[in-house]
Amino acid sequence: MRSARSSSASGSSSAAEELIDEAIRTTKLSIGDLRALVRGMRPAILSDRGLDAALSALVSSSAVPVRLVNEVSDRADVTTELVVYFAVAESVTNAMKHSGATNIDVRIWRSEHGLRADIRDNGHGGAQLTPGGGLQGVRERVAAAGGSMVFSSPAGGPTEIEVMVPCAS
């Protein structure tokens, strides 16, 4: 009788493992779908009042003091503004949650290649680009818009993120 139990328990265990694996696959697909949906959304303030107002609202709610220097007075195209906003939002959020920073500096400016955002925190560094992580999401979104991202976060800090997004003509 004991061997019948072992084989039955083994069959149940295998079936449970298959159900768990399927649940994990389904959950990952759902998370991917939700991320795609969220990435398609724009904050109303960004649409209505532009990048400066949207970033000002974002940094005003930060638990870590953020110094925002925006050297751009005119509007950029919709995609560029959204990608820069997302890059700053994710970078500031990452610094608040993980870096131990006591201040964050954000500079927005135009270069000959497009709109730039430089984000720097004075935290302990050690941030990494990991698949599915927020900073990797920034890199992917910037690349999808034809831009580039430079990332540095040595142990001991600081973490520096520079993004460049070309502007549509």
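Above this text sits the structure in question.
If you're wondering where the values come from, they're calculated on a predicted model, not measured in any experiment. (Residues numbered from 1 in each chain as written. Predicted model: local features only at pLDDT ≥ 70, side-chain atom pairs only at ≥ 80, totals over all residues. Heavy atoms only, no water.)

A.B. asks: Quick one: what's the story with the pairing of strand S1 (residues 66-70), residue by residue and with numbers?
C.D. replies: Two elements, S1 and strand S2 (residues 104-111), share 5 bridges in a ladder whose sense is parallel. Counted as the bridge partner of Val69 is Arg107 from S2. Considered for its hand, the β-α-β crossover made up of S1, helix H4 (residues 78-99) and S2 is left-handed. (Pairing = 2+ DSSP bridges. Helix = DSSP H or I, 4+ residues; strand = E, 2+ residues; numbered from the N terminus. Right-handed = clockwise from strand over helix to strand, strands pointing away.)

A.B. asks: Hey, could you go over the nonpolar core for me, with residue numbers and the actual values?
C.D. replies: Within the largest apolar cluster, 33 residues are counted, with the highest numbers of intra-cluster contacts made by Val88 and Ile108. Only helix H3 (51-60), H4, S2, strand S3 (114-121), helix H5 (134-144) and strand S5 (159-165) provide two or more residues apiece to this core. When residues in this core are grouped by element, the largest group, 10 residues, is from H4. Contacts of Val88, omitting those with residues within four sequence positions, involve Leu55, Leu58, Val106, Ile108, Ala117 and Ile119. (Core = buried A, V, L, I, M, F, W, Y, C linked by side-chain atoms within 4.5 Å. Buried < 20%, exposed > 50% of the residue type's maximum accessible area, 1.4 Å probe, protein only. Contact = heavy atoms within 4.5 Å.)

A.B. asks: Break down the packing of H4 against H5 for me, citing the residues and quoting the values.
C.D. replies: In the contact formed by H4 and H5, the axes pass within 9 Å of each other and the chain directions differ by 165°. Accordingly, the angle class assigned to the pair H4 and H5 is roughly antiparallel. Note that H4 runs across H5; the crossing there is left-handed. Touching Leu82, Val83, Phe86, Ala87, Glu90, Ser91 and Asn94 of H4 are Gly134, Leu135, Gly137, Val138, Arg141 and Val142, all from H5. (Axes fitted to C-alpha atoms, helices over the stretch in contact; angles between N-to-C directions. Parallel < 35°, antiparallel > 145°, perpendicular 65-115°, else oblique. Left-handed = near helix turned anticlockwise from the far one by under 90°.)

A.B. asks: Any details on the packing of aromatic side chains? Residues and values, ideally.
C.D. replies: Under the counting rule described, the total for this entry stands at 0 aromatic pairs. Above the ring of Phe86, the side-chain terminus of Arg141 is found at 4.3 Å from the ring centroid. (Phe/Tyr/Trp six-rings, centres within 6.5 Å; stacked < 30°, edge-to-face > 60°. Lys NZ or Arg CZ within 6 Å of the ring centre and 35° of its normal.)

A.B. asks: Mind laying out the sheet that holds S5, listing which residues take part and the relevant values?
C.D. replies: Here 5 strands make up an open sheet; going across it, the order is S1-S2-S3-S5-S4 and the pairing mixed. Strands at the two margins of the open sheet, each flanked by one partner only, are S1 and strand S4 (148-152). If you compare each strand with its neighbour and ignore which way they point, the axes differ by 10° on average. Both S3 and S5 contribute to a ladder of 7 bridges, which runs antiparallel. Counterpart to Asp118 in the pairing with S5 is Glu162.

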